[in-house]
Amino acid sequence: MELDVFTLFPEAFEWFESQRHVRNALAEGHRLGYVNYRDYTPLTGGQVDDTPFGGGAGMVLRVDVVEAALRARYGADPTDVRRERRVLALTPGGRMLDDALVDELAAEPALTLLCGRYEGFDERILEHFASDRLSIGKYVLAGGELPAMVVCDAILRKQPGALGHEESALEESFSQALDGAPEYPHYTRPAEYRGWDVPEVLLSGHHAKIREWRLEQARERGAGNSLP
Ligand code: ADE
């Protein structure tokens, strides 16, 4: 899969790219590229944003700047680009990211992520260049970089070969394998700690019983009675 992130801060992704599952996914042939809006702005002095019409606080990412960056990357009118590949604008008011949407996106051959900054996007960017508006939660962050990393992380770790042999994205929280329920609890050594015991069944070596217990735990957590 090819992931293109449009951002004013490509350097913010350095740590993200150093993560093992991301490196694994890239080694498997997936691609993660960055386009800095500022490199393509048609305005002088590297300007990328402007004050909002009608007044108000903050600055708004300009539509002509985003168009120039999309054109430079894809050599096409951005209103057509979104027909060829999904162009996801990261914005708090967008569709909420969940495991089902991650699965849907992970199956795409190519995705473009548009990071906003400041007060966000000129609405025409969302209307004419984006195919989707995506939110990682009902709160406002200072920009789309962290949301873009969240989306890329969730997508890349689903790619075959991204996680180590011992790990699997198949049976984890919110997956179909667990009927969308949160994952069952995990324990490791020591088996007893301050009198807190690991459930007996997990030490039994009885795989069928362990599986049954885990599914039951996931179901119970899904019913909302997991944590105090
Ligand atoms: N940009 C700023 N806040 C955001 C959020 N919660 N989700 C996606 N993009 C954002």
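Structure: above.
The notes below deal with the structure included here. Since the structure is predicted, the reported quantities are computational estimates derived from the model, not experimental observations.

Reading guide: rules and limits
- Residues numbered from 1 in each chain as written.
- Predicted model: local features only at pLDDT ≥ 70, side-chain atom pairs only at ≥ 80, totals over all residues.
- Heavy atoms only, no water.
- Core = buried A, V, L, I, M, F, W, Y, C linked by side-chain atoms within 4.5 Å.
- Buried < 20%, exposed > 50% of the residue type's maximum accessible area, 1.4 Å probe, protein only.
- Contact = heavy atoms within 4.5 Å.
- Phe/Tyr/Trp six-rings, centres within 6.5 Å; stacked < 30°, edge-to-face > 60°.
- Helix = DSSP H or I, 4+ residues; strand = E, 2+ residues; numbered from the N terminus.
- Axes fitted to C-alpha atoms, helices over the stretch in contact; angles between N-to-C directions.
- Parallel < 35°, antiparallel > 145°, perpendicular 65-115°, else oblique.
- Nonpolar A, V, L, I, M, F, W, Y, C, P; charged D, E, K, R; others polar.
- Near = heavy atom within 4 Å.
- Polar contact = N/O pair within 3.5 Å; in protein donor to acceptor, adjacent residues only side chain to side chain.
- Areas by Shrake-Rupley, 256 points an atom, 1.4 Å probe, with all protein chains shown as cover.

**Quick word on the nonpolar core**
Leu 105 and Leu 113 are the most contacted members of the largest nonpolar core, which has 27 residues in total. With sequence-adjacent residues up to four places away left out, Leu 105 is seen in contact with Met 1, Arg 86, Leu 88, Leu 97, Leu 111, Leu 134, Val 151 and Ile 155. Counting residues in each nonpolar core, the second largest holds 20 residues, with Phe 6, Leu 8, Leu 114 and Phe 129 among its members.

**Some remarks on the packing of aromatic side chains**
This structure, assessed with the given rule, holds four aromatic pairs. Each ring, one from Phe 13 and one from Tyr 34, has its centre 5.1 Å from the other, and the planes form 45 degrees; the classification is tilted. Highlighted residues: Phe 13 in the loop between β1 (2–7) and α1 (14–17) and Tyr 34 in strand β2 (residues 31–36), separated in sequence by 21 residues. For Phe 13, a relative accessible area of 1% gives the class buried. Considering the side-chain rings of Tyr 193 and Trp 196, the 5.9 Å spacing of their centres and the 55 degrees angle between planes classify their relative orientation as tilted. Judged by its relative accessible area of 48%, Tyr 193 is partly exposed. The class for Trp 196 is exposed, based on a relative accessible area of 51%. Through pairs of rings, three or more aromatic residues link up here, namely Phe 6, Tyr 37 and Tyr 74.

**Brief notes about the packing of helix α6 (residues 99–106) against helix α8 (residues 145–156)**
Packed helices, taken two at a time, are described by the angle between their axes plus the distance between the axes. Across the interface, α6 lies against α8 with an axial gap of 9 Å and an inter-helix angle of 75 degrees. Overall, the two elements α6 and α8 adopt an arrangement that is roughly perpendicular. Where α6 approaches α8, its residues Val 102, Leu 105 and Ala 106 are matched on the opposing element by Val 151, Ala 154 and Ile 155. Taken together, the residues that form the contact of α6 with α8 break down as six nonpolar, no polar and no charged.

**Observations regarding the site of the ligand**
Within the structure, the ligand sits among Leu 90, Thr 91, Pro 92, Leu 134, Ser 135, Ile 136, Gly 137, Tyr 139, Val 140, Leu 141, Gly 143 and Pro 147. Interatomic distance of 3.2 Å between a backbone N/O atom of Thr 91 and a nitrogen atom of the ligand. Between the ligand and the protein, one listed contact pairs a nitrogen atom with a backbone N or O atom of Ile 136 at 3.0 Å. When the ligand is considered free in solution it has 270 Å² of accessible area, and contact with the protein chains removes 96% of it.

Taken by themselves, the reported measurements are silent on function.
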